Structure formats: structure tokens, C-alpha cells
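Results of the structural survey
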Amino acid sequence: MPSEPEQQLRAGGGRAPDVFTPGGWVPMREYGEAEEVDFAIVGTGAGGGTLACRLAEAGFSVVAFDAGAYWRPLEDFASDETEQQKLYWTDRRIVDGSHPLKMGSNNSGKSVGGSTVHFAMVSLRFRPEHFKARSKLGYGVDWPVDWREMWRYYDEVEDALKIAGPVSYPWGPKRGRYPYRAHPMNAAANYLAKGADALGIDWTETPLATLSAPRGKAHPCVYRGFCVTGCSTNAKQSVLVTWLPRALKAGAEIRDLAMVGRIETKNGRATGVHYLRAGAWRFQKAKNVIVAGYAIETPRLLLMSANSEFPDGLANSSGLLGRNLMVQLNQAAWGQVADEVRSYKGPPSLAISEHWNYEDRGKDYFGGWSYMSQGPLPITWAKSLAGGRGLWGQALIDEMARNNHSVGLKMVGEVLPYEHNRVTLSDETDQYGLPVPRITFSLGENEQAMIAHATDFMDRSLEAAGAAERWKEMDDTCHLGGTARMGDDPATSVVDPDCRSWDIPNLWVCDGSVFPTVGGVNPSLTIQALACRLADRVKALC
Ligand SMILES: Cc1cc2nc3c(=O)[nH]c(=O)nc-3n(C[C@H](O)[C@H](O)[C@H](O)COP(=O)(O)OP(=O)(O)OC[C@H]3O[C@@H](n4cnc5c(N)ncnc54)[C@H](O)[C@@H]3O)c2cc1C
Ligand code: SF4
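Residues numbered from 1 in each chain as written. Chains lettered and ligands numbered in written order. Predicted model: local features only at pLDDT ≥ 70, side-chain atom pairs only at ≥ 80, totals over all residues. Heavy atoms only, no water.

**Some thoughts on the overall build of the protein**
Helix and strand counts for the protein stand at 13 helices and 22 strands. The globule rule puts the C-alpha radius of gyration for 542 residues at 24 Å, and the 22 Å found for the protein is close to it. Dimensions of the protein along its principal axes, counting C-alpha atoms only, are 65 × 50 × 50 Å. Burial analysis of the protein (542 residues in total) assigns 62% to the buried set. For the protein, restricting intrachain contacts to residue pairs at least 6 apart in sequence, the fraction spanning at least 24 positions comes to 74%. Of the roughly 19300 Å² of accessible surface on the protein, 50% is carried by carbon and sulfur atoms. Once the 57 positive and 63 negative side-chain charges of the protein are each reduced to a mean point, those two points are 4 Å apart. (Helix = DSSP H or I, 4+ residues; strand = E, 2+ residues; numbered from the N terminus. Rg over C-alpha atoms; globule rule 2.2 N^0.38 Å. Buried < 20%, exposed > 50% of the residue type's maximum accessible area, 1.4 Å probe, protein only. Contact = heavy atoms within 4.5 Å. Areas by Shrake-Rupley, 256 points an atom, 1.4 Å probe, with all protein chains shown as cover. Lys, Arg positive; Asp, Glu negative; His and termini not counted. Charge placed at Lys NZ, Arg CZ, Asp CG, Glu CD.)

Written out as C-alpha cells, the structure reads:
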């Protein structure tokens, strides 16, 4: 049975849920639909939620829409993998290609606060050269931004989220201290450290967006490990509990359970958005529209908004909208150890090595990858054993009984941009009456070579740490990127260096879809840094 916030609007009548108090409310400013607001933002995740805050704080009138519900984590979230599926984007999507992507829990969310409500909180900066992969490293394409500029915005986001990290981060240019101290490592993290030490490479505590000390009304992490199903204590610094309360305070309006189905244009400019809420299609006028629905829903909305002026979809004069879809490789190595590890205790990743993001020698492929200790919850673990090792019936039950002794390492690896990996519209329609997206994806030879290298290396690390009965999980991906690439040239990109459509001057994109390449680290810190950067660009341009 769907729980209440999935059925009933919570934001409205001059108030929005207070995410820090069970049953509580905070005041929310509201705008009339005929009132032409400065910005209509589609999506309130890492990109849209951060931007809504920064634009409202800059004095702009902002209405942000999200198809998902407005949760109060303290009263709505259970420590239960099945119940918490309510946070995932599980609407119908058609997948094909030679490596069809698993959609849903592992790569997209549907909630006020976006995928960050159930993300794993790993908060990393790109290696500077990864912003210029083509000119510095000879693959992919360059970003139209300089790493030094991004470094300033990373500082801002790490402070806004009170990232808990090590005193000294071993990789990359010199940087300041993390705002909060690192979390203590669990047993699984100690195995990463032991293996890395034996192989002679650096490791450190993973920088995480969960509190290691109190912050306002939020308590520190209690290490129960349900982070990827939504944190019920508010220790996790998701967009829902960080940028959005600030956005409301600054006068933004957030409309929950509001699915935007079309952007209207007139005389070459966006005029507002059509959205379905409480069973009726409505229209919000806006001076600017910002799309922040993530790498599937952003191109889908722009394609669905095709009209006689823009017959191939909005922002698509290059023909690249929806193309260059990227994920990240998420293969793993697992093993058994004699001591009771209970890897699932604490955030999934408490130790990391970025060695292979910064070391280019010894590779027969382009790109970088990091690897982290892992702690899957029971259903996820059962799926890994069934899918990765073919265990079923009694064999699966027997292996599950040994779960407390399993240790594992998972990679986050760079997938290159290929035009044939893409999002298009199918002929089927979904529950909103909108075309279902088709997601076509295939790995290339470069990715296969990286997987082989990474899984061998992680396996060697586990062996060096003393793990036996080792096996490799060869089929997993995570995160999304690309499909509305930013660039310097309108012929080879969808948005310009300010994330503004080359074709429609008051239409912008602000989410993971603008990534020209995805690097070898998790993307959310970079998405939030880009959103802060975009807010400053908007202040200069509008
Ligand atoms: C299980 C999991 C673990 C992850 N772990 C990490 C991690 O440890 N570190 C990290 O950096 N990243 C992690 N990520 C990835 C990270 O969460 C995403 O990259 C990031 O949240 C993407 O930001 P975004 O703004 O592009 O999209 P999202 O945060 O997904 O936000 C998009 C929002 O738009 C809404 N939306 C979409 N289309 C419409 C529409 N038409 N109308 C209205 N609303 C719409 C959606 O409901 C959603 O709320 C993880 C993701 C998942 C799923
Ligand atoms: S381990 Fe920490 S961040 Fe994860 S769900 Fe528990 S309290 Fe939240």
C-alpha cells in the first residue's frame, strides 16, 4: 500500500513539511500560476534543489517541481529495503542495447531531494585533468570549465553539507580541511586498508555526506547502514535536509507530486511548464525554465516538448540531445574471512582508494576508477549472489548465512561517451499519458578492459588482505551522466558553458546530464558544485 505522502500533496496552503520534526511544518511562499516567476525548476535533486536554494537566496522568485513525494525522514522512513522502494524512480522504462541498464534503485530517485535521498553519500572531487580529458589525457572530450573554478565551488558544497573526511586527502591538488572529522572505519574498510597497504598504494577514509558530529537539529550518524534506502535519522546530508530548507526560508516554492510533461515555447523562448498535479494538468508561467530531472528524464522532457518551432525537441539543434549517455562501472570483488565482519554496519563505503584515478601507467584503457569498501543490505546481497554467482535455493540460503564473514570492494569506473548510447522516446505511454523513454546502452572495448583490470586488482587486494573463496561480480553499473552535454561549440554540445541551451536563451539544464565525461568518482558533489556555479552565472546574466 502506498504510504500517505505518495498519495497526498504535502506542500501547499502556505506550508511545507518540516523535515526535522515529525508532523511539523515550515512556512512556504506560494506563487500564482499566472504570475510569471523568474525560474521554474523541474526536479529538486542534487542539481535542481541546490540551484533552487541559491537562486532564491539571490532574490529570484523560484518554483521548483518534483514528481516525487515530500518526505519527513524521521517519521516516513523504515529500516526496510522493500518499504523504501518508494524512493526510487520505478516508472516504466524500456532498456535495450548489448548491455541493457538496470534502472531504478541503483541509479535514479523520485522524491523531493532527488536521488540524494537514497544515495550512498560518497562525496568526491574530480581529478583536475578529468575536466580536460581530451587535451590532457587523449580521450573523451574536454569540459568547458576550469578545475580551479570548480575547486572553489567544491569548497562551498563541502561546507554546505558538512562533509566528514580525512585530515589530509592523499590525491589531487592541495586543499583545505573537511568541515567535519572522518567517520571511524568499520571492519570492511579495514580490509580495504590492509589490502592496499600490502599492494603499496594509498587509501583513506571516504569523505561522506553524513554527520560525524551534531549539526543543528540533526544528530550524527548511528552506523546502522540503511543509507541507500533513505536515512531515518537525518544524519545523511541529502538535498532534502540541506539545500531545500534553505530554499524555503529564502522564499522558494516547492510543488511535490508534480510531474512536468511539457515545456511551452513562443517566439523562440520558453514561457513556462505544463505539469500534472492532483489529477489535473496545469500551467506555470515563467521567465526562465531550468530542467534538472537527471540524465533520463531531462532529455525525455526536452524531447517530449517538441513543437512546430522545434520539431526535434527543445535544445536539440545539434542532434545530440539524449546521446552520449554514460553510467559508471560498478563491478566488485568479494571474498570470505574468518572473523565476523558484518560489512553492512555503517555507511556502505568507509574507506576508498583513488589510486587508479591518478595513476595512468599500467593501463591498457583510457579513464580512471576508484574503489571502495562495501556493505550491501540483505536483499541487495541476495541479488548479487543470485545474479553474480548463479546461486539459488538452498545454495543461496547457505551462502546468505555466511554474510557476516563476507568482505567486498566495489569500483566506480569511468565509461566513455558514445553517441549510440542514448535516450529516445518509445511509442508506449506511462501512467501520466507521456511517452515511455527507451534507454539504449552498450559497453565498449575500453570499458571491458577497465573492468578486467579493476576486478583483477581488487581481487588481488582482497587476497593480500587474507580473504578466501573470492569471486568477481562482473555485471553492475551505477550513476548516470551525459545526454545534454555542456560544451564550447553548438555543433557538438546541447548547452553552453553556462548550462544554457544554445537554441533557447531562457532554457537551462542543471543536473548530471550536462557532464561531457563522468570521471572515476561519484558525481553528486560535482553536480552540486555546477549548480552553485550556475546560480552565480545566472546572477551575472539575468
Ligand atoms: C542508490 C544510489 C546511490 C548513490 N550513491 C552516490 C554516492 O555515494 N555519491 C554520489 O556522488 N552520488 C551517488 N549517487 C548518484 C547521485 O545521487 C546522483 O548522481 C544525483 O543525485 C543526480 O542529481 P540530479 O540533480 O541530476 O538528479 P536527481 O538527484 O535524481 O534529481 C532529479 C529529480 O527530478 C525529478 N524529476 C525528473 N523528471 C521530472 C519531471 N518531468 N517532473 C518533475 N520532476 C521530475 C525526480 O523525481 C528527481 O527527484 C547515488 C545514486 C543512487 C540511486
Ligand atoms: S548509517 Fe548513518 S547515514 Fe546511514 S542510514 Fe544510518 S544514520 Fe543514516
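Moving on from the model shown.
**Re the site of ligand 1**
The environment of ligand 1 is made up of 38 residues, and the closest members are Asp66, Ser115, Val122, Tyr294 and Ser524. In this structure, Gly47 approaches ligand 1 through a main-chain N or O atom, which is 2.8 Å from an oxygen atom. In isolation ligand 1 offers 990 Å² of accessible surface; the protein chains occlude 97% of this area. Of all the elements in the fold, those that place two or more residues in the shell around ligand 1 are helix H2 (46-57), strand E10 (259-266), helix H8 (294-304) and helix H13 (524-541). (Near = heavy atom within 4 Å. Polar contact = N/O pair within 3.5 Å; in protein donor to acceptor, adjacent residues only side chain to side chain.)

**Describing empty space enclosed by the protein**
For the coordinates displayed, the defined rule picks out four cavities of 30 Å³ or more. The calculated volume of the largest cavity comes to roughly 160 Å³. If you go around the largest cavity, you meet 17 residues; those closest to its centre are Arg224, Gly225, Phe226, Cys231 and Thr233. Residues of the lining of the largest cavity, tallied by class, amount to nine nonpolar, six polar and two charged. (1 Å grid on protein atoms, 1.4 Å probe; cavity = no way out; pocket = protein on both sides within 12 Å on 5 of 7 lines; lining within 4 Å. Points joined across faces, edges and corners; volume = space filled by probe spheres on them. Nonpolar A, V, L, I, M, F, W, Y, C, P; charged D, E, K, R; others polar.)

**Overview of the layout of surface pockets**
The space that makes up the second largest pocket amounts to roughly 390 Å³. If you trace the second largest pocket, you find 20 residues lining it, with Phe20, Val241, Thr242, Pro245 and Arg246 closest to the centre. Secondary-structure elements contributing two or more residues to the lining of the second largest pocket are strand E2 (25-27) and helix H7 (243-249). Of all the elements, H7 adds the most residues to the lining of the second largest pocket, at five residues.

**Considerations on the site of ligand 2**
Taken together, the neighbourhood of ligand 2 is formed by Met121, Thr210, Cys221, Val222, Tyr223, Arg224, Gly225, Phe226, Cys227, Cys231, Thr233 and Pro347. When grouped by side-chain class, the residues that make up the shell around ligand 2 number eight nonpolar, three polar and one charged.

**Points about the UniProt feature "domain: Glucose-methanol-choline oxidoreductase N-terminal" (unreviewed entry) in the protein**
UniProt's feature table lists "domain: Glucose-methanol-choline oxidoreductase N-terminal" (unreviewed entry) at residues 108-328, given in the numbering used throughout. Counted over residues 108-328, helix gives 23% and strand 19%. Its end C-alpha atoms are 13 Å apart. (UniProt positions renumbered as here; feature names shortened; annotations may be inferred.)

**Considerations on the state of the cysteines**
Evaluation of the coordinates by the stated rule reveals zero disulfides. Unpaired in terms of disulfides, Cys499 finds its nearest cysteine sulfur in Cys510, a separation of 6.3 Å. Residue Cys499 is classed as buried on the basis of its relative accessible area, which comes to 3%. (Disulfide = S-S within 2.5 Å.)

**Brief notes about the pattern of salt bridges**
All chains considered together, the criterion is met by 37 salt bridges. The partner of Glu57 in a salt bridge is Arg246, and the shortest N-O contact between them spans 2.9 Å. With Glu57 in helix H2 and Arg246 in helix H7, this pair connects stretches of sequence that are 189 residues apart. Where Arg175 meets Glu158, a salt bridge forms, and the shortest distance between an N and an O atom there is 2.9 Å. Here the residue Arg175 occupies a position in the loop between strand E6 (164-165) and strand E7 (180-181), and Glu158 occupies one in helix H5 (residues 147-160), the gap between them amounting to 17 residues. Each member of the salt-bridge network shares a partner with another, and the members are Arg10, Arg72, Glu75 and Asp76. (Salt bridge = Lys/Arg side-chain N within 4 Å of Asp/Glu carboxyl O.)

**With respect to the environment of Thr455**
Following the sequence through the fold, Thr455 ends up in helix H12 (residues 445-464). For Thr455, a relative accessible area of 1% translates into the label buried. The spacing of Thr455 and Leu303 is 152 residues in sequence and 38 Å in space, taken between C-alpha atoms. For Thr455, the contacting residues outside a window of four places in its chain are Gln331, Ala332, Ala333, Lys472 and Met474.

**Considering the environment of Glu30**
Along the chain, Glu30 turns up in the loop between E2 and strand E3 (37-42). Residue classification places Glu30 among the partly exposed residues on the basis of a relative accessible area of 39%. Sequence separation between Glu30 and Val222 is 192 residues, and the spatial gap between their C-alpha atoms is 36 Å. When neighbours within four sequence positions are excluded, Glu30 is seen to be in contact with Gly12, Gly13, Gly14 and Glu253.

**Overview of the sheet that holds strand E5 (residues 94-96)**
The sheet built from three strands is open, its strands ordered E5-E19-E18 with mixed pairing. Each end of this open sheet is capped by a strand with a single partner; those strands are E5 and strand E18 (422-429). Neighbour to neighbour, the strand axes of the sheet diverge by 30 degrees on average, direction disregarded. Pairing of E18 with strand E19 (residues 435-440) involves five bridges; the strand directions are antiparallel. The residue bridging Thr424 from the neighbouring strand is Arg438, located in E19. Packing against the sheet, H8 makes contact with E18 and E19, and its axis sits at approximately 65 degrees to E18. (Pairing = 2+ DSSP bridges. Axes fitted to C-alpha atoms, helices over the stretch in contact; angles between N-to-C directions.)

**Observations regarding the UniProt feature "domain: Glucose-methanol-choline oxidoreductase C-terminal" (unreviewed entry) in the protein**
In the numbering used here, UniProt assigns the feature "domain: Glucose-methanol-choline oxidoreductase C-terminal" (unreviewed entry) to residues 417-531. Each end of residues 417-531 is marked by a C-alpha atom, and these two atoms are 22 Å apart; helix forms 24% of the span and strand 24%.

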